[in-house]
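Inside the fold
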Amino acid sequence: MAELAESLKVVRDKIAIACSKRPLEYKYFEPRLVAVSKLQPPELILEAYKAGQRHFGENYVNELVEKGNHVQILEKCIDIHWHFIGHLQRNKVNKILNVPNLYIIETVDNEKLALTLNTSWPKFRKYDDLKLKVMVQVNTSNEEDKNGCEMTHVSSLVKYIIDNCKNLEFIGLMTIGMFGYDITKGPNPDFLCLKECKEKVSKELTIDSKKIELSMGMSNDYEHAVELGSTNVRVGSAIFGERPKKGTQ
């Protein structure tokens, strides 16, 4: 398991180096590393936590429910923070909100889902004033098989959440983007699009741009994402190694 701790250190070091290359406008924050533990066994989550990792991301509702309620994780990972980073159907909302230590839903992409989360959250939160953190997922690549709201609808969805979902706290925007982009061709257009969405939301809704996070960047491009201003990178295989196939873990 020493390999996992070393992999975590390598990723953190690379993030630090990428941070040093950022424009001065991004120096006010340090990117958050989310270890994507999708399809990984609980034992590796325990090891990563022991090595200092606190934020973990899961793509599947049932898998997060299982891991979030795992006896050893509950016992040994007191301040673990779970990020849900997969597609969320409204009929699964109650299952996900009941997960201990749920930190954020990064994939809100329509008003109906936002409203369902807003209505259901009071039944699960520990404190009356505790809002559920959410991000709006944007389909920056315009791929039909990708989830996320259209770029032209981002401001209206954020406005809807702020105006109508008092139990939710909008904290930023998220994109998956097109896989395998070659950065030798220049800055990733998906990342640039998300930055444009951020500035548009900031301007149209009068929100300080520093209060709008950007969740972008994965194992193959997280350093590039950090240099472009990502506040939240989602890294899986670079930490845990090759992901097991679904149903084999």
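Predicted model, so just to flag it, every value in this text is computed and none were measured.

Glancing now at empty space enclosed by the protein. For the coordinates displayed, the defined rule picks out 2 cavities of 30 Å³ or more. By volume, the largest cavity is sized at about 50 Å³. Residue lining of the largest cavity: Ile 176, Met 178, Phe 179, Gly 180, Tyr 181, Asn 188, Met 218, Asn 220 and Asp 221, and that is the complete set. A breakdown of the residues in the lining of the largest cavity according to their chemical character gives 5 nonpolar, 3 polar and 1 charged. There is about 40 Å³ of room inside the second largest cavity.

Secondary-structure assignment places His 83 in strand β3 (residues 81-84). His 83 gets classed as buried once you look at its relative accessible area, which sits at 1%. Here Glu 106 takes part through its side chain, which lies 2.8 Å from a polar atom of the side chain of His 83. Not counting the four nearest positions on each side in its chain, His 83 is found in contact with Arg 32, Val 34, His 55, Phe 56, Gly 57, Glu 58, Tyr 103, Ile 104, Glu 106 and Asn 232.

Cut-off values and rules
Along each chain, residue indices are assigned from 1 in the same order as the chain's sequence is written. Only residues with pLDDT of 70 or above have their local features reported here, since the model is predicted, and side-chain atom pairs are shown and tallied only from 80 upward, although totals for entire chains, interfaces and linings are computed over all residues. Heavy atoms from the whole structure form the basis of all side-chain values; hydrogens and water molecules are not counted. Definitions used throughout: a 1 Å grid over protein atoms alone; a cavity as a set of points that fits a 1.4 Å probe which cannot get out; a pocket as an open set with protein on both sides within 12 Å along at least five of seven lines; a lining residue as one with an atom within 4 Å of a point. Grid points are joined across faces, edges and corners, and a volume is the space filled by probe spheres set on the points. Asp, Glu, Lys and Arg are counted as charged, while Ala, Val, Leu, Ile, Met, Phe, Trp, Tyr, Cys and Pro are counted as nonpolar; the rest, among them Gly, fall into the polar class. Helix and strand labels come from DSSP, where a helix needs a run of H or I of at least four residues and a strand needs a run of E of at least two; each type is numbered from the N terminus. Residue burial is assigned from relative accessible area. The probe radius is 1.4 Å, only protein chains are included, and a residue is buried under 20% of its type maximum, exposed over 50%, and partly exposed in between. Polar contacts here mean pairs of N or O atoms no more than 3.5 Å apart (in protein, one a potential hydrogen donor and the other a potential acceptor; neighbouring residues in sequence count only if both atoms are side-chain atoms). Contacts are residue-level and defined by heavy atoms, with any inter-residue pair within 4.5 Å sufficient.

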